[in-house]
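These are the residues of each chain, in order.
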Amino acid sequence: MSKKPRLALLGSGKGSNARAILEAIARGEIGAEPGLIVTDQPGAGILQLGNDFGVATWEVVEPRYRTRLSPEVEEELARRLRAERIDLVILAGYLRVVKAPLLEAFPQRILNIHPSLLPKFPGLAAWEQALVAGETESGCTVHWVDAGVDTGPILGQARVPVLPGDTAGTLHARIQEAEHRLYPEVVARVCVELAEVDSERGRA
Ligand code: GRF
């Protein structure tokens, strides 16, 4: 039997997507083992999941930048994830751009969820961008992370309507409901593929 991929969940906020994934693992819908929860924001809500699901947590301390990690801090993060034998890194509301140290340590092994139908509206507050543009439809996208901002290969999308009278808050809440269904589905699929790759390597 192949081993279950070990996951790291990285987030800067309340962690509702990370929670949806951990719940799906607990229900047996994702064949994975949660290894580590990481945040770059002291006291972020996502840390609570460590207690709720019995998963180790780690706070990254970045003294210099707000939108990325310093290379030495990101290298330390990459070393920690390797030491924890992490197979797949899941960004779940992680608000920094991932740079070379992590990308090179986990090539094609970092997933992100973005609250728009990419390639439309990359970057911050994508639901607001959709409202301002007068879109009638929005949604969310799960993609592999590459060196760009929200540009990597797309693995899945879910659509939601933009309704008359929507505010940024109501639209983001509708998108988040879709995220909580889509992200666990895609993670489950990716974990099956990773387990197959690992068992083929084991046989080779
Ligand atoms: C989500 O809307 C996600 O698409 C974006 O950041 C938000 C994170 O929310 N990348 P949460 O922390 O998972 O609740």
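Residues numbered from 1 in each chain as written. Predicted model: local features only at pLDDT ≥ 70, side-chain atom pairs only at ≥ 80, totals over all residues. Heavy atoms only, no water.

1. Topic: the nonpolar core
Put simply, the rule reads: To qualify as a nonpolar core, a set must consist of buried Ala, Val, Leu, Ile, Met, Phe, Trp, Tyr and Cys residues joined through side-chain atoms within 4.5 Å. Each residue gets one of three labels from its accessible area relative to the maximum for its type: buried under 20%, exposed over 50%, partly exposed in between, using a 1.4 Å probe on protein chains only. Strands here mean DSSP runs of E at least two residues long; helices mean DSSP runs of H or I at least four residues long; both are numbered from the N terminus.
Ranked by size, the top nonpolar core spans 37 residues in total, and within it Leu7, Ile21, Ile30, Leu88, Tyr183 and Val187 carry the most contacts. Sorting the residues of this core by element identifies strand S1 (6-11), helix H1 (16-26), strand S4 (88-91), strand S5 (110-114), strand S6 (137-144), strand S7 (154-161) and helix H6 (168-203) as the ones contributing at least two each. Leu10, Leu81, Ile86 and Val145 belong to the second largest nonpolar core, which has 22 residues in total.

2. Points about the state of the cysteines
The condition that has to hold: In plain terms, two cysteine sulfur atoms within 2.5 Å form what is called a disulfide here.
All told, the structure shown has 0 disulfides when counted by the stated rule. Note on Cys140: no disulfide assigned, nearest cysteine sulfur contributed by Cys191 at a separation of 18 Å.

3. Side note on the site of the ligand
The test is simple: For this purpose, a residue is taken to be near a molecule or strand whenever a single non-hydrogen atom of the residue falls within 4 Å of it. The term polar contact refers here to a pair of N or O atoms within 3.5 Å; inside protein, the definition further demands a hydrogen-donor-capable atom paired with an acceptor-capable atom, and it admits residues adjacent in sequence only when both atoms are side-chain atoms. Accessibility throughout is a Shrake-Rupley quantity obtained with a 1.4 Å probe, and a residue counts as covered only by protein chains that appear here. In this analysis, the protein atoms alone were mapped onto a 1 Å grid. Cavities are point sets where a 1.4 Å probe fits without being able to get out; pockets are open sets with protein on both sides within 12 Å along at least five of seven lines; lining residues have an atom within 4 Å of a point. Being in a pocket or cavity means that more than half of the molecule's atoms lie within 2 Å of its grid points.
What surrounds the ligand is the set Lys14, Gly15, Ser16, Asn17, Gly93, Ile113, His114, Pro115, His172, Gln176 and Glu179. Between the ligand and Gly15, the relevant distance is 2.8 Å, taken from an oxygen atom to a main-chain nitrogen or oxygen of the residue. Protein chains bury 89% of the 370 Å² of accessible surface belonging to the ligand in isolation. Mapping the ligand onto the cavity grids shows that it belongs to the largest pocket. Contributions of two or more residues to the shell around the ligand are made by H1, S5 and H6.

4. What to know about the side chain of Ser12
Definition in use: We call two residues in contact when some of their heavy atoms are within 4.5 Å.
Here Ser12 is to be found in the loop between S1 and H1. Engagement of the side chain of Ser12 in a polar contact is seen with the side chain of Asp40, the distance being 2.8 Å. With residues near it in sequence (within four places) discarded, Ser12 still touches Thr39, Asp40, Gln41, Ala44, Ala92, Gly93, Tyr94 and Leu95.

5. Regarding the environment of Arg80
Note on placement: Arg80 falls in helix H3 (residues 71-83). Taking C-alpha positions, Arg80 is 9.4 Å from Trp58, a pair spaced 22 residues apart along the chain. Setting aside its immediate chain neighbours within four residues, Arg80 contacts Leu36 and Trp58.

6. Brief notes about H1
Here H1 lies mainly inside the structure; 8 of its 11 residues are buried. Ser16, Asn17, Ala18, Ala20, Ile21, Leu22, Ala24 and Ile25 are the residues of H1 that are buried. Its buried side turned inward, H1 meets S1, strand S2 (33-39), helix H2 (48-53), S4, S5 and H6. Downstream of H1 by one or two residues, Gly28 has phi in the positive range, about 80°.

7. So, the environment of Phe53
Inspection of the secondary structure puts Phe53 in helix H2. When neighbours within four sequence positions are excluded, Phe53 is seen to be in contact with Arg19, Leu22 and Glu23.

8. Describing the pairing of S2
The line we're drawing: A strand pair is defined by DSSP finding two or more bridges across the two strands. With the strands aimed away from the viewer, a crossover counts as right-handed if its path from the first strand over the helix to the second runs clockwise.
Most of S2 sits inside the fold, with 5 of its 7 residues counted as buried. Examined bridge by bridge, S1 and S2 share 6 bridges and lie parallel to one another. Its bridge partner being in S2, Leu9 is matched across the sheet by Ile37. In terms of handedness, the path from S1 via H1 over to S2 forms a crossover that is right-handed. Considered for its hand, the β-α-β crossover made up of S2, H2 and strand S3 (residues 57-59) is right-handed.

9. Quick look at the packing of H1 against H6
Selection criterion: Convention adopted: a line fitted to C-alpha atoms gives each axis, helices being fitted over their contacting stretch, and angles between N-to-C directions are expressed from 0 to 180 degrees. Any angle that is under 35 degrees is reported as roughly parallel, and any over 145 degrees as roughly antiparallel; angles of 65 to 115 degrees are reported as roughly perpendicular and all others as oblique. Note on convention: near helix rotated counterclockwise from far helix by under a right angle means a left-handed crossing. Clockwise means right-handed. When residue character is reported, Ala, Val, Leu, Ile, Met, Phe, Trp, Tyr, Cys and Pro are called nonpolar, Asp, Glu, Lys and Arg charged, and the others, Gly included, polar.
Contact pair H1 / H6: the axes reach a minimum separation of 9 Å and the direction vectors enclose 45°. By the angle between their axes, H1 is oblique relative to H6. As for the relative orientation of H1 and H6, their crossing is right-handed in sense. For the pair formed by H1 and H6, the contact residues are Ser16, Asn17, Ala20, Ile21 and Ala24 on the first element and Gln176, Glu179, His180, Tyr183, Pro184 and Val187 on the second. Grouping the amino acids of the contact of H1 with H6 by side-chain chemistry returns 6 nonpolar, 4 polar and 1 charged.

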